[in-house]
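Each chain is listed here by its residues.
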2 protein chains.
Amino acid sequence: MKIERVQGTLSLRRTIESGTEEQRKAVKEIIEQVRKNGDAALRKYTEQFDGVRLDSLCVSQEEIEEAYWIVDEKMIEIIRKAARNIREYHERQAQTSWFMTRDDGTMLGQKVTPLDAVGLYVPGGTAAYPSSVLMNVIPAQVAGVKRIVIVSPPNERGTLPASVIVAACELGVEEMYKVGGAQAIAALAYGTETIQPVDKIFGPGNIYVALAKREVFGQVAIDMIAGPSEIVVLADETARPNEIAADLLSQAEHDERASSVLVTPSLKLAHAVEKELKQQLATLPRRAIAEKALEQYGAIYVTDTLDEAIEVVNELAPEHLEVMTANPLQLLGKIRHAGAIFLGRYSSEPVGDYFAGANHVLPTNGTARFSSGLTVDEFVKKSSVIFYSKEALQKNGESIAAFARLEGLEAHARAIEERLKK
Amino acid sequence: MKIERVQGTLSLRRTIESGTEEQRKAVKEIIEQVRKNGDAALRKYTEQFDGVRLDSLCVSQEEIEEAYWIVDEKMIEIIRKAARNIREYHERQAQTSWFMTRDDGTMLGQKVTPLDAVGLYVPGGTAAYPSSVLMNVIPAQVAGVKRIVIVSPPNERGTLPASVIVAACELGVEEMYKVGGAQAIAALAYGTETIQPVDKIFGPGNIYVALAKREVFGQVAIDMIAGPSEIVVLADETARPNEIAADLLSQAEHDERASSVLVTPSLKLAHAVEKELKQQLATLPRRAIAEKALEQYGAIYVTDTLDEAIEVVNELAPEHLEVMTANPLQLLGKIRHAGAIFLGRYSSEPVGDYFAGANHVLPTNGTARFSSGLTVDEFVKKSSVIFYSKEALQKNGESIAAFARLEGLEAHARAIEERLKK
């Protein structure tokens with residue numbers, strides 16, 4: 001990783017993968033087939049892409065029992081503790097319906113209503129992501145969503161990873177289907193014999209899943225399309241190089257396109273981190289991935305002052321920001337753009353990925369400038385409520401009609417006046 | 001408008017205008033030209049599309065004075081009162097940063113930060129929309145957005161409608177540019193010599209504006225792409241047919257694609273409303289538009305019971321819902337999907353369009369199932385804040401590392417353990 005004196009405008013932006021023409025065509029075809037042939041299409045694609053023939057798409061009671069047998073008791077306890085922490089945090093986000101009144105009898109309010117049904121895509125492949133289950137299902141439950149559906153591609157044994165099944169069961173999720181890829185997204189959006197459609201689809205996935213989410217958007221709502229993960233560490237000379245290096249690597253191991261950046265006014269620290277990175281890389285199981293990520297999207301930026309370093313951070317608007325300075329809390333007010341902010345040396349990013357309680361679904365690719373991570377808000381919608389009394393209309397009716405006519409909308413004015421007639 | 005007994009699944013969905021290939025190409029070309037040539041391109045397109053040559057894109061002090069001279073004092077007072085009402089309502093939506101602590105020294109929170117800069121598109125053409133200024137600018141101000149930019153196409157005199165200028169000045173907006181169409185959206189997204197770029201673009205516009213917003217999405221955030229307006233009236237036999245008809249027409253006059261629907265268990269009411277519609281249509285200035293809208297997208301649905309009527313409403317998920325029944329408030333809990341809910345006979349929809357205080361930017365095309373109208377939330381973003389103490393990491397570090405290894409992410413586990421080393 002190169003050490004650079006910062007000059008000019010910086011950005012973490014990487015091109016958003018929009019897929020090839022072929023991939024887009026394939027996704028459209030899959031969606032059409034699922035709309036036309038329902039479950040039969042799901043079975044066909046599951047055999048084709050996941051290499052298994054399934055009688056039932058549902059996760060069975062036997063599979064659940066097996067999963068509990070596979071995942072060890074201590075790990076189940078950790079999942080439970082993490083779930084409690086995540087729930088405690090997200091409960092603070094829950095918004096309530098409210099109203100206000102005026103002396104003339106007007107009542108105005110905002111009604112918060114949970115979505116009826118949401119779907120969560122849990123990626124499969126070589127790894128298992130129980131944390132993705134926790135981070136998406138718990139806010140939905142806090143919001144009061146009645147129907148929560150999990151879909152995930154089956155492994156070669158025709159089942160889901162045990163840790164995913166256990167995480168879902170611990171949360172009380174009752175609908176879990178063994179189907180992945182674009183076909184799963186199509187089923188959630190349009191429904192099949194087995195899977196009733198949902199209103200909004202959450203969760204990360206590969207390029208086919210991302211393209212399918214884009215394709216069904218409008219029919220249903222979707223969450224963000226996540227880009228590769230990012231970390232920026234803002235540190236001064238008081239920070240420990242070994243800890244910074246370990247955190248940069250924990251981001252880099254995710255994906256060859258992940259981005260790990262250190263911003264510091266200390267050239268000495270920059271050199272020490274560079275050295276640590278080399279040492280720690282040597283023994284890392286996912287070394288090849290991490291190395292490639294650091295090479296392509298890693299950077300160490302050295303600024304003249306700490307204030308300049310903060311400005312660089314705001315320009316980058318990272319998904320994850322770690323602040324390892326002498327007084328991290330006093331910098332909080334100056335940080336305008338970041339998905340999540342980790343303060344101090346003990347707040348290593350994996351603390352937030354799994355356990356502390358905040359959500360790990362965060363805005364990537366510089367979008368922290370204008371968007372937020374996943375919150376309970378994403379699982380509700382708000383309707384305004386307007387009650388106007390006779391008195392209020394008599395008092396204000398003329399003004400309202402005048403405003404309507406100012407905009408050239410005569411029928412609007414007449415709708416008001418129809419009520420004011422003697 | 002036909003009276004129908006309801007059967008099967010209903011929907012207000014109309015195809016979303018996605019423009020012709022030619023329009024999309026034109027928009028791309030305009031955006032590219034603005035990126036390349038800045039102000040010169042804005043001037044060129046303004047001359048080409050709006051038919052005026054502008055020396056300065058800014059609204060001048062003279063234009064402001066002229067606007068105040070044109071708009072009469074009484075109307076300015078009405079705009080001020082509406083602005084106060086809208087501000088009072090939206091201030092209730094403002095969210096605050098919060099934090100929670102745990103005994104082990106953990107602090108978790110959510111930092112609410114306003115967006116740095118937003119742009120608002122105010123449509124031009126034959127009409128003037130000062131209400132659009134109020135409904136978009138006030139929530140931005142309540143959120144604490146520092147830089148608010150209005151763009152709007154100049155009229156044949158090379159200026160903006162007086163009522164738009166006055167509304168903006170009353171709110172203290174300091175940046176107002178006479179530029180419209182796709183070129184205005186491009187300027188807001190990428191910036192020119194005169195117009196600094198913003199982070200998010202709000203406001204409705206014609207097909208070119210909508211296509212341009214789609215095109216720059218990603219570079220900046222955008223608000224929803226609004227479809228044609230809708231009203232559903234839920235009424236029983238106690239409602240007045242003349243008032244219902246007037247409200248249906250007030251929606252229908254907006255646009256030939258607007259949708260006005262009555263849902264009622266009363267066949268008698270249905271017939272009476274039908275008759276009233278004919279009478280009131282006769283004298284309406286925008287009769288041709290309203291008639292076409294009613295013909296294409298109007299409907300009167302008659303159900304057996306009021307409960308069935310409510311289910312029809314939930315299925316339609318309308319932008320605006322008026323409830324004109326004997327006891328409207330008691331139905332509020334049963335209404336799951338609607339952008340705004342107007343209760344009782346004095347709460348005619350134009351009350352909400354201009355004056356009561358709730359926002360008139362609302363989800364159309366059935367999207368009230370999963371989305372909300374414009375709120376202060378759209379002008380802020382939330383960053384999670386995580387502070388972990390030494391004690392907290394010592395207590396939970398092992399669990400976090402175990403979770404990371406469960407997901408196959410060794411560097412995550414090591415980042416934690418690096419801190420636990422003696």
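An unreviewed UniProt entry lists chain A under the name Histidinol dehydrogenase, with Thermolongibacillus altinsuensis as the source organism. On record in UniProt, under Sequence similarities (unreviewed entry), the comment for chain A is "Belongs to the histidinol dehydrogenase family."

Let us look at the packing of helix 14 (residues 390-406) of chain B against helix 15 (residues 410-420) of chain B. All names here are of chain B. Helix 15 packs onto helix 14 with a crossing angle of 165 degrees between their chain directions and a minimal axis gap of 8 Å. One finds that helix 14 runs roughly antiparallel with respect to helix 15. Judged by the sense of rotation from one axis to the other, the crossing of helix 14 with helix 15 is left-handed. Counting all contacts with helix 14, which are made through L393, Q394, G397, E398, I400, A401, A404 and R405, the residues of helix 15 involved are E410, H412, A413, R414, I416, E417, R419 and L420. Of the residues contributing to the contact of helix 14 with helix 15, the split by class is seven nonpolar, three polar and six charged.

On to the sheet that holds strand 8 (residues 221-222) of chain B. By definition, the strands of a sheet pair up through backbone hydrogen bonds, in either a parallel or an antiparallel sense. Residues and elements named next belong to chain B. A sheet is described by the order of its strands in space; here five strands give the open sequence 6-5-4-7-8, paired in parallel fashion. Here the strands that pair on one side only, and so sit at the sheet edges, are strand 6 (175-178) and strand 8. Here strand 7 (residues 200-202) pairs with strand 8 via two bridges, running parallel. From the neighbouring strand, I201 faces strand 8, where its bridge partner is I222.

The next subject is the UniProt feature "active site" (unreviewed entry) in chain A. Residues and elements named next belong to chain A. UniProt tags E319 and H320 as "active site" (unreviewed entry). Relative to the helices and strands, E319 resides in the loop between helix 12 (306-316) and strand 12 (320-324). Judged by its relative accessible area of 5%, E319 is buried. Those residues in contact with E319 that sit more than four places away from it in its chain are S229, E230, Q251, A338, G339, A340, H360, L362, P363 and T364. Looking at E319, its side chain comes within polar contact range of the main-chain nitrogen of E230, at 2.9 Å. H320 sits in the buried class, given a relative accessible area of 2%.

This part takes up the interface of chain A and chain B. With 116 residues of chain A in contact, the opposing surface of chain B contributes 115 residues. Between chain A and chain B, a total of about 10000 Å² is buried, with carbon and sulfur atoms accounting for 58% of that surface. Our count for the contact surface shared by chain A and chain B stands at 14 salt bridges. Of the charged contacts in the structure, one is a salt bridge between D199 of chain B and R369 of chain A, with a shortest N-O distance of 2.8 Å. Joining chain A to chain B, the criterion identifies 64 residue pairs in polar contact (both at pLDDT 80 or more). Broken down by element, the side of chain A that touches chain B gets its largest block of residues, ten residues, from helix 14 (residues 390-406) of chain A. Counted by class, the side of chain A that touches chain B contains 53 nonpolar, 35 polar and 28 charged residues.

How each quantity is defined
- Within every chain, residues take consecutive numbers counted from 1 along the sequence as written.
- Chain A is the first chain written and ligand 1 is the first ligand written, with later ones labelled in order.
- Residue-level local features of this predicted model are given only where pLDDT is at least 70; pairs of side-chain atoms are given and counted only at 80 or more, and the full residue set underlies all totals for whole chains, interfaces and linings.
- Hydrogens and water are ignored here; the side-chain numbers use all heavy atoms of the structure.
- UniProt positions are given in the numbering used here, feature names are shortened, and annotations may be inferred rather than shown by experiment.
- Inter-axis angles, ranging from 0 to 180 degrees, are taken between N-to-C directions of lines fitted to C-alpha atoms, where helices are fitted over the stretch in contact.
- Helix and strand assignments come from DSSP, with helices taken as H or I runs of at least 4 residues and strands as E runs of at least 2, each series counted from the N terminus.
- For classification purposes, an angle smaller than 35 degrees is called roughly parallel, one larger than 145 roughly antiparallel, one from 65 to 115 roughly perpendicular, and anything else oblique.
- Each crossing is labelled by how the near helix is turned from the far one, with a counterclockwise turn of less than a right angle marking it left-handed and a clockwise turn marking it right-handed.
- The contact rule is simple, with two residues in contact once any of their heavy atoms fall within 4.5 Å.
- For this scheme, ten residues count as nonpolar: Ala, Val, Leu, Ile, Met, Phe, Trp, Tyr, Cys and Pro. Four count as charged, namely Asp, Glu, Lys and Arg, and the remainder, Gly too, count as polar.
- Pairs of strands are assigned from DSSP output, requiring at least two bridges between the strands.
- Between buried and exposed lies partly exposed: a residue is buried under 20% and exposed over 50% of the maximum accessible area for its type, with that area taken using a 1.4 Å probe on protein chains only.
- Under the rule applied, a polar contact is a pair of N or O atoms within 3.5 Å (in protein, one hydrogen donor and one hydrogen acceptor; residues adjacent in sequence only if both atoms are side-chain atoms).
- Buried area: the accessible area, evaluated with a 1.4 Å probe, that two parts lose upon being put together, summed over both parts.
- Salt bridge, as used here, is a side-chain nitrogen of Lys or Arg placed within 4 Å of a carboxyl oxygen of Asp or Glu.

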